[in-house]
Amino acid sequence: MKEQNTENTKDSFEGEPSQNLITERQFLDVICRDYTSVHYADLRNDIAEPLKVALSGNAIKMDRIRVREKIGYTDTVKGYCDHFVADGNKKEFLRVMDRKFLLQELSKSDRYVYRYESVPNPAGHRYFEVQVVRVREENFDGKVIVAFHHIDDLVSKEQQYRWELERMAYTDGLTEIGNRAAFTKDMAAFDEKPGAACVVADVNNLKVANDRYGHEEGDRMIRDSAECICAAFGEAGVCYRIGGDEFCVLIGEAEKEQIQKILLKLDELIAEKNEGRKMSLSIACGYAIRENAQEPMEQVFNRADEMMYDVKFRMKKEFPVYSEERIKNYLNVLKILCRSTDSYLYLWNINRDEIWYFGDVDKEYALRREGAQTCTIAEMEAVVYPADRAALREDLVKIIAGEKSIHDMDYRWVNRQGEPVWINCRGTVIPDDKGRPFVMVGRVSDKSLRYLYHPLTKLFNKNKMFLDLKEQILPRNTGYLMLMGIDNLGSINLRRGRSYGDEVIKKCAEIIEQETEVQNVWHVENNCFALYLDVRSETDVRRIYEKLLSELTDYCTLSAGVVADSKELFGDEGNLYACAEMMLEKAKDIGIRNIVFFSQEDLDARLKTIQFMEEMQSSVRKDCEGFYLCYQPQIKTGNYHLFGAEALLRYRSAVYGNIYPDEFIPLLEQSKLIRPVGLWILETALKQCKKWRESVPDFHISVNFSVVQLEDKEIAEKVLHILEKVGIPGNALTIELTESIQIQSISQLTPIFKSWRDAGIELSIDDFGTGYASMSYLKQLDVNEIKIDKMFVKDVEEATYNYRLISNMIEFAKNSGMRVCCEGVEDMRELTVLEGLSPSLFQGYLFSKPVPVEEFERSFIDRSTPEYRKHEAFIQKIYDYKESMHFIYFNTKNILRDTNLGLWIIRINEETGYSEMHADETMERIMGVDRKYSPEECYDFWYSRIKEDHLDYVKENVAHMVEANVVVQLQYPWIHPVYGEVMVRCSGRRIEDSDGMVTLEGYHRIISDIEER
């Protein structure tokens, strides 16, 4: 019967159905009514035919197939598994329903039963059993009946729990694939497969990922590895996780080429996973195929494992799979080194685009997101000053491409206050084992360039320009250097105020930087910028100049001098710049809005300058032959007595005759000849001063010092040596400094100035008001004198703004204990107006132009000469003029001293409660202070001696003074350190606040001993 059924079954696959087959199917339909679905299958030929599909079963969802239509067994099983088998059972279901597996199992038994969990069907059934039964009891030919039915009513909760435990025991909880227990159980079955193979895979750098990024990243690497391996092998093999970072794939039958092809696919899948990862995924794989039927699978596994370790070692040599360990070591070293430097150390992982910074960089710069350890190149570029980004990006692209290995650039970062700060960034590329760029290690310093940029615009200054011209620009031998100056900046300052003038300068800097055809820009003087233009013709230069003029129309006009960059023509950076400077002066002489190019005539003039320079060098070698000094007197206010003189350098050329100072002094500074010449000036002037002090005991001499001289590291000692050599006290000497001394140089100059002050030498700021110095700048320098420039003195009787400006300067100087000298006084009217402001000294052509030694002696030292008598007559003439103008000179300082009226300024910080008092000499004397107090100590001294029962009264009146903005007068008892309790009268008012502090001014007077009538 069974044999007949078998034959009929065979016929049903090959031709028309017979009556016997129909009868058999009716029989099967009766005996299999409890089954959800029943199929005939020919396992050897991969053919199946459905006999029954229950409406309640999942199989009802599959396409209906006519009885005579042949369908693929494997495709049917796979389709069913994909749609209806629970995820946890899919791999096992496909394994046991595999044709080869069933042929092997049914060759030993007439039936194979497998139970599994399914997706619930329309009837709610979840647990199923499949029975595969041989059609022939003997001589098994591969034909079987496959029957499915649900067993929910047979499966108890206890059995379900036991199945779940069994599933969990063989499943890896992280990856949801088989674990080591499943691998051990299943590997035994592969011993009977002659063509079986084994692949062992190991995840590289898992420990580094865990240590550096946390176990969450490590778990992600494991899951991604499992996903890639399973996807690469697909149905070709079963993947297991057999250790923390180790996987194994068992393959029933495989060839070497097939496995190699799968491993190439695995590499592609890993590369896709690595896009956007914190740490690259890397897997080392080894494989082995059974060499014969007698070789156990354990030995196959061992051979695959050995190959995997060989591959892992080879990967370590050929590829930087150990790069994370190297980076970790570098980071540890940098972490230690950062404690001993002010710079910010960094490491840039070039391939991963990660930058680590060490030091307190986050305090000043917003490089990293809060809590982040690293930043990207894009995040770093976000804090780079916009004008510098293109050049930086160009350099980094070369680094990434391996075209250069050293990074050394100066550019700007923008700090958290929005201010650009120049930094120097240096770094060296460390390659990987294949010579490709791996990491760059270096340092960022925001302090090394602080002396190379201008404090107002934050552009590089003249010092940096000379470095760049020498190292970068001149060697190119192409392009143009343009020196561009703001026209009439002094007038702008006078009309609109210094703060407006500063804004104009900053606007110029901003617009020039934005011009893309300007390769370099330096702020070389207060009103002057130097530009390097890498263009081919003067036409291009004019076009850029006109464009800048147009963009600055609302702010100012510009004049420019231009020279071609030619090392052959100019020789060095000093000559190149000097010629550009000469062209700018030429342009300004023509008028505003002019541009002048270096010409043949200019070349001839330059050659003349070079010849003249050679002559001066010869003069210096011959003990400054040809140089001589002229002296201009400094006259005291009120009595017009001689205070001293300023020594001024002159030069008489053997070829060209007398040369103007503004022609030869810049050359001396550019060539640094000013250093030996300056010391000659100092010694000559001091010797002359010593001689004149025999006739005028308190005679003072003033000598000018340039920035170039102050850059000499031994200048402090040299000056003191000359002072000692001449044998004259330090208080006879005043050293005049130009206001253009850069503010950022103060810290370097402070020790020099202190050593001079300790020797009694006084310091003076020359041409005050023409640069960008502030009052706080003067306090930092601790100068003894300021010299108000002649541009403010000229026509002061008509220029109201100049008058107010000079008045404020003098008031500030007096309150700070500084002497004031007004330069450039040329007529009686200027003298008369200025005397009303009570400066200390006058200097100008009204009294005398600078004259040689002999003439100065005759006019101001030797009382027996006609010239001296002429000078005395002139002084009398001044008195007569003032009398005719009904002008009476009041020596306010003497009046205040004689009447015991002390002046004070009180400043109060309302937020912190900090208070300070600035007192004049009379105020200090009548208060009875025993030494020079600081402003804070002075305030405490005054306030602490107010009689206690009047403290509230004084507080209320001071508060009224602050709030009402009116003059307030009060009287109160005060405890004098010598006289005890005295009655004091005080009057004061609020004036303009300074440095964010409320500012009051007034007087203080003891009235206990005043006779009232």
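The name an unreviewed UniProt entry gives the chain is EAL domain-containing protein, with Waltera intestinalis as the organism.

*Asks:* Go over the sheet that holds strand β15 (residues 420–431) with me, naming the residues and quoting the values.
*Replies:* The sheet built from six strands is open, its strands ordered β13-β12-β11-β16-β15-β14 with antiparallel pairing. A single partner strand is all that each edge strand has here, and the edge strands are β13 (374–375) and β14 (406–414). Pairing analysis gives nine bridges linking β14 to β15, with the strands arranged antiparallel. Its bridge partner being in β15, Tyr 411 is matched across the sheet by Ile 423. Contacts from helix α15 (residues 389–401) reach β11 (344–349), β14, β15 and β16 (437–445) within the one sheet, and its direction differs from that of β14 by about 145 degrees.

*Asks:* Go over the side chain of Asn 349, please, and point to the residues and values.
*Replies:* Structurally, the position occupied by Asn 349 is in strand β11. Note on Asn 349: relative accessible area 2%, which makes it buried. Separated by 3.3 Å, the side chain of Asn 349 and the backbone nitrogen of Arg 352 make a polar contact.

*Asks:* Run through helix α22 (residues 600–621), naming residues and quoting values.
*Replies:* Each α-helix turn comprises 3.6 residues. Residues three or four places apart therefore point the same way. The terminal C-alpha atoms of α22 lie 32 Å apart, and with 22 residues this matches the ideal 32 Å at 1.5 Å per residue to within 8%. Within the span of α22, buried status applies to Asp 602, Leu 603, Arg 606, Thr 609, Phe 612, Met 613, Glu 615, Met 616, Ser 619 and Val 620. Residue Asp 623 follows α22 closely and has a positive phi angle near 60 degrees.

*Asks:* Give a detailed account of a negative patch on the surface, specifying residues and quantitative values.
*Replies:* Where like charges cluster on the molecular surface, the negative patch consists of Asp 267, Glu 268, Glu 272 and Glu 275. In this fold, Glu 275 is placed in the loop between α10 (256–273) and β10 (283–289).

*Asks:* Which residues make up the nonpolar core, and what values go with them?
*Replies:* In terms of nonpolar packing, the biggest core is built from 85 residues, with Phe 627, Tyr 631, Phe 699, Ile 701, Phe 705, Trp 756 and Phe 856 touching the most fellow members. Broken down by element, this core gets its largest block of residues, nine residues, from helix α24 (residues 674–692). Setting aside chain neighbours within four positions, we find Phe 856 in contact with Tyr 631, Gln 632, Pro 633, Leu 642, Gly 644, Ala 645, Trp 692, Phe 699, Val 851 and Ile 861. Among the nonpolar cores identified, the runner-up in size contains 32 residues, and Ile 492, Leu 531, Cys 556 and Leu 558 belong to it.

*Asks:* Go over the packing of aromatic side chains, please, and point to the residues and values.
*Replies:* Inspection of every chain in the model, using the stated rule, returns 37 aromatic pairs. Site record: aromatic cluster; members linked through ring pairs are Tyr 80, Phe 84, Phe 93, Tyr 114, Tyr 116, Phe 128 and Phe 148. Positioned above the aromatic ring of Phe 101 is the side chain of Arg 95, whose terminal nitrogen or guanidinium carbon lies 5.2 Å from the ring centre. Geometry around Tyr 170 places Lys 185 over its ring, the cationic atom sitting 5.1 Å from the centre.

Quick notes on the rules
Residues numbered from 1 in each chain as written. Predicted model: local features only at pLDDT ≥ 70, side-chain atom pairs only at ≥ 80, totals over all residues. Heavy atoms only, no water. Pairing = 2+ DSSP bridges. Helix = DSSP H or I, 4+ residues; strand = E, 2+ residues; numbered from the N terminus. Contact = heavy atoms within 4.5 Å. Axes fitted to C-alpha atoms, helices over the stretch in contact; angles between N-to-C directions. Buried < 20%, exposed > 50% of the residue type's maximum accessible area, 1.4 Å probe, protein only. Polar contact = N/O pair within 3.5 Å; in protein donor to acceptor, adjacent residues only side chain to side chain. Expected span 1.5 Å × (residues − 1). Patch = residues over 30% accessible without salt bridge, like charges linked within 9 Å, V, L, I, M, F, W, Y side chains within 5 Å. Areas by Shrake-Rupley, 256 points an atom, 1.4 Å probe, with all protein chains shown as cover. Salt bridge = Lys/Arg side-chain N within 4 Å of Asp/Glu carboxyl O. Lys, Arg positive; Asp, Glu negative; His and termini not counted. Charge placed at Lys NZ, Arg CZ, Asp CG, Glu CD. Core = buried A, V, L, I, M, F, W, Y, C linked by side-chain atoms within 4.5 Å. Phe/Tyr/Trp six-rings, centres within 6.5 Å; stacked < 30°, edge-to-face > 60°. Lys NZ or Arg CZ within 6 Å of the ring centre and 35° of its normal.

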